[in-house]
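Working through the structure, step by step
Listed below, chain by chain, are the residues.
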Amino acid sequence: MKVTARATRSGSWWAVEVPEVPGLFTQVKRLEHVREQVADAVELLEGVPAADVQIALLPVFDTATDGVVHGAQDAAAAAAAAQSVASRRMRSAVARLRDEQLTMRDIAEVLGISHQRVSQLAQDAGVREAG
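Rules and cut-offs
- Residues numbered from 1 in each chain as written.
- Predicted model: local features only at pLDDT ≥ 70, side-chain atom pairs only at ≥ 80, totals over all residues.
- Heavy atoms only, no water.
- Axes fitted to C-alpha atoms, helices over the stretch in contact; angles between N-to-C directions.
- Helix = DSSP H or I, 4+ residues; strand = E, 2+ residues; numbered from the N terminus.
- Parallel < 35°, antiparallel > 145°, perpendicular 65-115°, else oblique.
- Contact = heavy atoms within 4.5 Å.
- Nonpolar A, V, L, I, M, F, W, Y, C, P; charged D, E, K, R; others polar.
- Phe/Tyr/Trp six-rings, centres within 6.5 Å; stacked < 30°, edge-to-face > 60°.
- Salt bridge = Lys/Arg side-chain N within 4 Å of Asp/Glu carboxyl O.
- Buried < 20%, exposed > 50% of the residue type's maximum accessible area, 1.4 Å probe, protein only.
- Left-handed = near helix turned anticlockwise from the far one by under 90°.
- pLDDT = per-residue confidence, 0-100.
- Pairing = 2+ DSSP bridges.

Quick look at the packing of helix 3 (residues 104-111) against helix 4 (residues 115-124)
Direction vectors running N to C along helix 3 and helix 4 enclose 105 degrees, while the axes themselves pass 8 Å from each other. By the angle class used here, helix 3 and helix 4 are roughly perpendicular. Contacts from Met104, Arg105, Ile107 and Ala108 in helix 3 reach His115, Val118, Ser119 and Ala122 in helix 4. Across the contact of helix 3 with helix 4, the residue classes break down as 5 nonpolar, 2 polar and 1 charged.

Digging into the packing of aromatic side chains
For the structure on display, the rule yields 1 aromatic pair. Measuring from ring centre to ring centre gives 6.1 Å for tryptophan 14 and phenylalanine 61, while their planes differ by 85 degrees; the resulting arrangement is edge-to-face. Here tryptophan 14 is found in strand 2 (residues 13-17), whereas its partner phenylalanine 61 is found in the loop between strand 4 (54-60) and helix 2 (63-99), with 47 residues between them in sequence.

Side note on the pattern of salt bridges
For the coordinates displayed, the defined rule picks out 2 salt bridges. Among the salt bridges present, the one from arginine 30 reaches glutamate 32, with a minimum N-O distance of 3.5 Å. The class of arginine 30 is partly exposed, set by a relative accessible area of 44%. Glutamate 100 is paired through a salt bridge with arginine 96; the nearest N and O atoms lie 3.9 Å apart. For glutamate 100, a relative accessible area of 48% puts it in the partly exposed group.

Considering the packing of helix 2 against helix 3
Two elements in contact, helix 2 and helix 3, have axes whose closest approach is 10 Å; the angle formed by their N-to-C orientations is 135 degrees. One finds that helix 2 runs oblique with respect to helix 3. Crossing handedness for the pair helix 2 and helix 3: right-handed. Here Met90, Ala93, Val94, Leu97 and Arg98 of helix 2 lie close against helix 3, whose contacting residues are Met104, Ile107, Val110 and Leu111. For the contact of helix 2 with helix 3, the class distribution of residues is 8 nonpolar, no polar and 1 charged.

Looking at unusual backbone geometry
Look at glutamine 101: it is not a glycine, yet its phi comes out positive at around 70 degrees. With respect to the element layout, glutamine 101 can be found in the loop between helix 2 and helix 3.

Overview of the confidence of the model for the chain
With 96% of its residues at a pLDDT of 70 or more, the chain has an overall mean of 94. Mean pLDDT across the elements of the chain bottoms out in helix 4 (92) and peaks in strand 2 (98).

Focus on the pairing of strand 2
Burial along strand 2 is one-sided: Trp14 and Val16 are buried, while Trp13, Ala15 and Glu17, pointing the other way, are not. Note that strand 1 (residues 2-10) and strand 2 share 5 bridges and pair antiparallel. Of the residues in strand 2, the one forming a bridge with arginine 9 is tryptophan 14. The antiparallel hairpin formed by strand 1 and strand 2 contains 2 residues in its connecting segment, where glycine 11 sits at a positive phi of about 65 degrees. Sheet analysis places strand 2 next to strand 3 (residues 25-28), joined by 4 bridges and oriented antiparallel.

Quick notes on the sheet that holds strand 1
Ordered by their spatial adjacency, 4 strands build an open sheet running 3-2-1-4, and the pairing between neighbours is mixed. Each end of this open sheet is capped by a strand with a single partner; those strands are strand 3 and strand 4. Between one strand axis and the next, the sheet turns by 30 degrees as a mean value, whatever way the strands run. Where helix 1 (residues 34-46) meets the sheet, it contacts strand 1, strand 2, strand 3 and strand 4, and its direction lies at approximately 125 degrees from that of strand 4.

Written out as structure tokens, the structure reads:
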């Protein structure tokens, strides 16, 4: 069973409501406890084993705070995507520079990274050190 746990801050507690299960309201001190509490409550109220309950946690904030949170999440996702692109391009550059017969240390100087990192990227790209 899939449910949404809507958690709203109330003093030093989180008030949790699950719209899919009428009457399911609980509270927790920390968000990390929401899933366990909700799964247990769904089991009690609906007879669905706690292990079979999939819970989407939705912290509810005012509009300004929600905007800041989503902005931070979007920036983190963009940074992860940029890191993925950078890693692929670095592996490609290492492979290309190895094809040009540059040493790992020279590649490190060209790319501005350590020769150890060049070796890791070369290994990831399937490039072998000249023997």
